[in-house]
Amino acid sequence: VKYPGVLCGGEAHTTMAVAGTILLIVFVFGFLTIATWAARKIPKWARTGQISRVHSFIFLIVRFRMDRWWFGVPLLLRGPLLSFPVVWAADSPEMQTSIAAFVLAIFLFLQIMA
C-alpha cells in the first residue's frame, strides 16, 4: 500500500477517488470512445481516400482480416477489464482470478465466433 496513512472515507481518500474517477472517464473511456468512433469510420475514410485518417488509427485494424476490421475495439476493452478485478476484489485473490478468467473466456468466445 503506497499511502498507508489514507483511510477509507477520509478527506484524502475522497480526493483520490474523485480524481481517479475523473481520470478514468476522461482518458480511458474517452480513448475507447474515440477508438470506437474511428473504427466505425475507417471503411468510409478508406473509400473516400482519406488515407491520413486511416493511418492515424491503423493500430486498430492492422492485425485483422479486412472483414473483421472492427475487432481491434473489443481488444482495447480487454486490457481495462483485466485490470479492474484488482480494484473490484482487492482482498480476494480467488475472486480476482475468477473475474479475470471470465473476462478471458468472453474474449475467447468472441474471437471464436468472429
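Residues numbered from 1 in each chain as written. Predicted model: local features only at pLDDT ≥ 70, side-chain atom pairs only at ≥ 80, totals over all residues. Heavy atoms only, no water.

K.L.:
I keep staring at the environment of Gln 96 and nothing clicks. Help me out?
P.N.:
Its place among the elements puts Gln 96 in helix α4 (residues 93-113). Distance from Gln 96 to Val 86, taken between C-alpha atoms, is 6.1 Å for residues 10 residues apart in sequence. If near-sequence neighbours (up to four positions away) are discounted, Gln 96 is found in contact with Pro 85, Val 86, Ala 89 and Ala 90. (Helix = DSSP H or I, 4+ residues; strand = E, 2+ residues; numbered from the N terminus. Contact = heavy atoms within 4.5 Å.)

K.L.:
What should I look at first to understand the packing of aromatic side chains in this one?
P.N.:
When we look at a pair of aromatic rings, we describe it by the centre distance and by the angle of the planes. Taken as a whole and assessed by the stated rule, the structure comprises seven aromatic pairs. With a centroid separation of 6.3 Å and 40° between ring planes, the pair formed by Phe 57 and Phe 59 is classed as tilted. Consider the rings of Phe 64 and Phe 71, whose centres lie 5.7 Å apart with planes at 75°: the pair is edge-to-face. Of the two residues, Phe 64 and Phe 71, neither departs from the other in class, the shared state being buried. (Phe/Tyr/Trp six-rings, centres within 6.5 Å; stacked < 30°, edge-to-face > 60°. Buried < 20%, exposed > 50% of the residue type's maximum accessible area, 1.4 Å probe, protein only.)

K.L.:
Hey, could you run me through the nonpolar core in this one?
P.N.:
Counting 10 residues, the largest nonpolar core consists of Ala 35, Ala 38, Ala 39, Ile 42, Trp 45, Val 54, Phe 57, Leu 60, Ile 61 and Val 73. Once residues lying within four places of it in the same chain are set aside, the contact partners of Ile 42 are Val 54, Phe 57 and Ile 61. (Core = buried A, V, L, I, M, F, W, Y, C linked by side-chain atoms within 4.5 Å.)

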